[in-house]
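Remarks on the overall topology
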Amino acid sequence: MLALFDIFVLITAFLQFKRMKTLVTPYILFSIPLTILINVNNLIFADVYDYYKVTDTVLFYLISFFLLAFICELIICRKRISPIKDRYSLGILIDLFFYFGLLCFVISLFVNYRNYGFEGIKGSNNGILGHMSNIAFALCPIYLIRKIDHRQKKRSILFIIILFSIAVIYGGKYVIFLNLLYNALAVVLYYKVPQKRIITISIIIISIGILTFIVIYGLIPYYTGKVKYHSLIDSLYFSMEQFFSYLLSPIVAMNYSFTHHIENGGEIAFAFANNIIRLISGNAKYVSPILPFVFPYAEESMTNVSGMVGELYFELSWGAYVYFIVFFTIVEAAFACYRRKGKYVFILSYSLSIIVFSFFCNFLSVSGVILPFMVVIAVDVFESNRHYRRI
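Before going into details, it helps to say that this report is about the structure given with it. Residue indices begin from 1 for each chain and proceed along its sequence in written order. The model is predicted, so local features are restricted to residues of pLDDT at least 70 and side-chain atom pairs to those at 80 or more, both for listing and for counting; the totals for chains, interfaces and linings are taken over all residues. Only hydrogens and water are set aside; all other atoms, that is, all heavy atoms of the structure, feed into the side-chain values.

A word on the packing of helix H9 (residues 232-257) against helix H12 (residues 308-316)
Pairs of packed helices are described in terms of their axes, by the angle between the two and the distance that separates them. Angles here are taken between N-to-C directions and fall from 0 to 180 degrees, while the axes themselves are lines fitted to C-alpha atoms, restricted in helices to the stretch in contact. Helix and strand assignments follow DSSP, with helices taken as H or I runs no shorter than four residues and strands as E runs no shorter than two, numbered in order from the N terminus. Between H9 and H12, the least distance of the axes is 9 Å, while the angle of their chain directions is 20°. Comparing the axis directions of H9 and H12 gives the class roughly parallel. With respect to the hand of their crossing, H9 and H12 are arranged in left-handed fashion. On H12, the residues touching Met254, Tyr256 and Ser257 of H9 are Val309, Gly310, Tyr313 and Phe314. For the contact of H9 with H12, the class distribution of residues is five nonpolar, two polar and no charged. Under this scheme an angle from 65 to 115 degrees is roughly perpendicular, one under 35 degrees roughly parallel, and one over 145 degrees roughly antiparallel; angles in between are oblique. Note: crossing handedness is left-handed where the near helix turns anticlockwise from the far helix by less than a right angle, and right-handed where it turns clockwise. Residues are treated as being in contact if the distance between any of their heavy atoms lies within 4.5 Å. Under the scheme applied here, ten amino acids are nonpolar (Ala, Val, Leu, Ile, Met, Phe, Trp, Tyr, Cys and Pro), four are charged (Asp, Glu, Lys and Arg), and all others, including Gly, are polar.

Structure representation (structure tokens):
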């Protein structure tokens, strides 16, 4: 079954590549990462770390979601039209709000360091300062592109390095990876980067991802003494185990999530909207987007994430298909608008980042992802429609 699954994905992805003349399409970015990870797990790490293999049942369900995504892209993006070479006239307000968000992040780092010390700072980026730092991440690629266009790239890169370095200190993995990809995709789409350079950028991002895990799970715990290892090699080996567990456990967890359901799962699937309603109504009992359940992915190993489609099916059963179609249609609409007019680059970039990391969990229920996305939508819609000019 895995061979047939691979053939289906490769054929459909190739058809979309030939049709769109680009690797950066919602369907390709949704199907290819999942397919690669499934093959890596079933053919390699199921033996190396004794992970369970992804079952044929899961592959069947995934094909059904892939087919929906493929048809959606065929219908909405029907014409191959070269995007207009336009640029956004981004104002200095972008810079000011980016610096404001970065300043909040820096202040929160010093406050939490004073309260918890370096050993206890991981995961402590909460409160108003933590939420304000989302502004910097949301505006980061817009700020970067503005500086590139104004030949101020070196200074902007320095501030961006500071932003992501603080995120590494806090240990916020999804914040780092999703926003790193968001920035890369924005630059790729905005400047129409050639296909060969896209592959190079992908390799760089993967390398940064591995290095981030080594720092968070290997170097920081070893040198702070938070976790005792016999040697640095043991610490680095553990960090690589964590890296592959982070990548593959949600994939394997779909074995359970596609064959079971949870009661009142809709509250979790729509956690962000539910919490907004509860905030307005004065109900302090907020819904956590974290599943109150753990999925097995090895004999004695569990995880509480199961990929976007796996979690949606676990929470909504067949309603997961409706949820998925609505979201994917919106992303395809942004993609079509970008191809026809070169607009909504940043909305598309953020959406595609969520799609790429859909193998991990349903980020659409996480406020730390949706709140920055709302900032991106507001800024991009305003800039696209009011400060849109051809050069």
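What about empty space enclosed by the protein?
Cavities and pockets are defined on a 1 Å grid built over the protein atoms alone: a cavity is a set of grid points where a 1.4 Å probe fits but cannot escape, while a pocket is an open set with protein on both sides within 12 Å along at least five of seven lines, and lining residues are those with an atom within 4 Å of any such point. Grid points are joined across faces, edges and corners, and a volume is the space filled by probe spheres set on the points. Summed over the entire model, instances satisfying the criterion amount to one cavity of 30 Å³ or more. Here the largest cavity defines a volume of roughly 40 Å³. Every residue along the wall of the largest cavity is listed here: Tyr174, Phe177, Leu178, Tyr246, Phe357, Phe360 and Phe363. By residue number, the principal contributor to the lining of the largest cavity is helix H7 (residues 173-190), which donates three residues. For the lining of the largest cavity, the residue count by class is seven nonpolar, no polar and no charged.

Brief notes about the state of the cysteines
In this description, a disulfide is simply a cysteine sulfur pair whose atoms lie within 2.5 Å. Within the structure shown, the criterion is met by zero disulfides. No disulfide involves Cys77; its sulfur sits 8.2 Å from the nearest other cysteine sulfur, which is in Cys72.

Considering the pairing of strand S2 (residues 295-298)
Pairing of S2 with strand S3 (residues 301-303) involves three bridges; the strand directions are antiparallel. When the bridges of S3 are listed, Pro296 appears paired with Met302. The hairpin formed by S2 and S3 contains two residues between the paired strands. When DSSP finds two or more bridges between a pair of strands, those strands are recorded as paired.

Here we look at the packing of H12 against helix H13 (residues 319-341)
One can describe the packing of H12 onto H13 by two numbers: an axis separation of 7 Å at closest approach and a directional angle of 135°. What the angle tells us is that H12 and H13 run oblique. Viewed along their axes, H12 and H13 form a crossing whose handedness is right-handed. Seen from H12, the contacting residues are Met308, Val309, Leu312, Tyr313 and Leu316; seen from H13, they are Gly319, Ala320, Tyr321, Tyr323, Phe324 and Phe327. Classifying every residue of the contact of H12 with H13 by side-chain character gives ten nonpolar, one polar and no charged.

Structural notes on the layout of surface pockets
By volume, the second largest pocket is sized at about 1000 Å³. Around the second largest pocket, the lining is made up of 33 residues, and of these Pro33, Ser202, Ile205, Ile206 and Val356 lie nearest the centre. Listing elements by their share of the lining of the second largest pocket, those giving two or more residues are helix H2 (26-48), H7, helix H8 (195-224) and H9. Counting residues per element, the lining of the second largest pocket draws most heavily on H8, which supplies nine residues.

Some points on H9
Take the residue count of a helix, subtract one, and multiply by 1.5 Å to get its expected span. In this model H9 runs 37 Å from its N-terminal to its C-terminal C-alpha over 26 residues, within 8% of the 38 Å that 1.5 Å per residue would give. Bending of H9 peaks at approximately 40° at the position of Ser249, with proline Pro250 no more than four residues after it. Bend, at a single residue, is the angle you get between axes fitted to the 7 residues ending at that residue and the 7 residues starting at it.

Description of the packing of aromatic side chains
A pair of Phe, Tyr and Trp rings is counted when the ring centres sit within 6.5 Å of each other, with Trp represented by its six-membered ring. The angle between the planes then sorts it: under 30 degrees is stacked, over 60 is edge-to-face, the rest tilted. By the definition in use, this model includes 41 aromatic pairs. Ring geometry for Tyr61 versus Tyr313: centroids 4.9 Å apart, planes at 50°, classification tilted. With Tyr61 in helix H3 (residues 56-76) and Tyr313 in helix H12, this pair connects stretches of sequence that are 252 residues apart. By relative accessible area, which is 3% here, Tyr313 ends up buried. Aromatic side chains Trp318 and Tyr321 sit 5.6 Å apart centroid to centroid with 15° between the ring planes, which places their arrangement in the stacked category. Summary of the burial criterion: residues with accessible area below 20% of their type's maximum are buried, those above 50% are exposed, and those between are partly exposed, where the area comes from a 1.4 Å probe applied to protein chains only. You can call Trp318 exposed: its relative accessible area is 55%. Take Tyr321: its relative accessible area is 13%, and that puts it in the buried class.

So, a negative patch on the surface
Only residues whose relative accessible area exceeds 30% and that take part in no salt bridge are eligible for patches, with like-charged residues grouped when within 9 Å of each other and nonpolar side chains (Val, Leu, Ile, Met, Phe, Trp, Tyr) grouped when within 5 Å. Note that accessible areas follow from Shrake-Rupley with a 1.4 Å probe, and for residues the cover is restricted to the protein chains shown. One side-chain nitrogen of Lys or Arg within 4 Å of one carboxyl oxygen of Asp or Glu is enough to make a salt bridge. As used throughout, the charge tally considers Lys and Arg to be positive and Asp and Glu to be negative, leaving His and the chain termini uncounted. Taken as the charge centre is NZ of Lys, CZ of Arg, CG of Asp or CD of Glu, depending on the residue. Together, Asp47, Asp50, Glu299 and Glu300 make up a region of like negative charge exposed at the surface. With respect to the element layout, Asp47 can be found in helix H2.

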